[in-house]
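# Residue-level structure breakdown
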Amino acid sequence: MKNRVVITGSDGFVGKHVRNVLTHDGYSVIPFSLRDGKDVRNERDFEDLPSTAIVFHLAALVSIPASWDIPDEVLDTNIIGTLNVLNYAVRHKAKVIFMNTSAYGNPQYLPIDEKHPITPESPYEVSKTAAEQLCYVFSRRFRFPAISLRCFNVYGPGHQDVAIIPQMIKELITDGNITIFNGTPRRDFVYVDDVVRALVAAAKYETAMFDTFNIGSGKSISIGELAKKLIQISEIAGAKIIDKGEKRPNDILEKVANISKAKVKLGWKPEVSLINEN
């Protein structure tokens, strides 16, 4: 059982990468996804699972816009799904690694550390914050380890087109241009392989209780700079940025992670940089 793990959302963007790495490293991986006929919202789907040492809980509805359109589905999947994972962990004394988001709202200071107040600004962020709180109270009440990784903007191969980087790339290839609402806001982008390494490091981290870690690059890049970089890489002649200069309601000017805690406790640091250091 020591090397047997469950991955919820194993067929998702990050889940596929985690599954490949763990399988390569010799873990016995039990996939848990809709494609496997299993739904985190259905408690019965956990009843037939064998005992495992670790649950990587990655399954979620992750779209912020969709969370305004179908908040009931988002809350059901992300909160009830997490509750079912935790009940499984209690029964089998499994460690839970929860992939969270960075719901810090408009930062009070930069870079943002784990002590920064949580201020969710969408039903999606509310659902993930509530799920993290469930991890905390279950870990404390039933005394099993649970770790929440508060991930910033994850990018990499296999990401859906609705995410900003693949959306830009698709438009660049299709139209030869990149249209952005506002090039000023700055975000912290972290590569999917670095996130996978953080998940694995969290699984190996020895703790008996609950803990949280920021997972990001520790650097920010503006949306305008990002678009410019993609055009440079593409070498598409005549490609240009169409900046509408529109400010969206409650838009955050900058988010950047303080990743010192993950570096010290998990022995983790990002290896892939989106920003040219030269």
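Residues numbered from 1 in each chain as written. Predicted model: local features only at pLDDT ≥ 70, side-chain atom pairs only at ≥ 80, totals over all residues. Heavy atoms only, no water.

## Digging into the pattern of salt bridges
Note the threshold: Put simply, a salt bridge is a Lys or Arg side-chain nitrogen that is within 4 Å of an Asp or Glu carboxyl oxygen. Secondary structure elements are taken from DSSP: a helix is a run of H or I of four residues or more, a strand is a run of E of two residues or more, and numbering for both begins at the N terminus. Between buried and exposed lies partly exposed: a residue is buried under 20% and exposed over 50% of the maximum accessible area for its type, with that area taken using a 1.4 Å probe on protein chains only.
The full count for this structure, using the stated rule, is ten salt bridges. Across the salt bridge formed by R41 and D39, the nearest N and O atoms sit 2.8 Å from each other. When the shortest N-O distance is used, the salt bridge between R187 and D251 registers 3.2 Å. Separated by 64 residues along the polypeptide, R187 in strand β8 (residues 186–187) and D251 in the loop between β12 (240–243) and α9 (260–266) bring together distant segments of the chain. Taking the relative accessible area as the measure of exposure, R187 reaches 13% and is therefore buried. By relative accessible area, which is 26% here, D251 ends up partly exposed. Members of the salt-bridge network, linked through shared partners, are R186, E225 and E254.

## What to know about the packing of helix α1 (residues 13–24) against helix α7 (residues 192–204)
Put simply, the rule is: Under this scheme, a helix contributes an axis fitted over its contacting stretch, all axes are lines through C-alpha atoms, and angles between N-to-C directions fall in the 0 to 180 degree range. What sets the label is the angle itself: under 35 degrees gives roughly parallel, over 145 gives roughly antiparallel, 65 to 115 gives roughly perpendicular, and the rest give oblique. Crossing handedness follows the turn of the near helix against the far one: under a right angle anticlockwise gives a left-handed crossing, and clockwise gives a right-handed one. Residues count as neighbours in contact if any of their non-hydrogen atoms are within 4.5 Å of one another. Asp, Glu, Lys and Arg are counted as charged, while Ala, Val, Leu, Ile, Met, Phe, Trp, Tyr, Cys and Pro are counted as nonpolar; the rest, among them Gly, fall into the polar class.
Where α1 contacts α7, the axes come no closer than 10 Å and their chain directions differ by 60°. On the basis of their axis angle, the class for α1 and α7 is oblique. Our pair here, α1 against α7, has a crossing hand that is right-handed. Of the residues in α7, those touching α1 at F13, V14, H17, V18, V21 and L22 are V192, D193, V195, V196, L199 and V200. For the contact of α1 with α7, the class distribution of residues is ten nonpolar, one polar and one charged.

## With respect to the environment of I173
If you trace the backbone, I173 turns up in helix α6 (residues 164–175). Owing to a relative accessible area of 66%, I173 belongs among the exposed residues under this scheme. Along the sequence, I173 and A239 sit 66 residues apart, while their C-alpha atoms lie 9.7 Å from each other.

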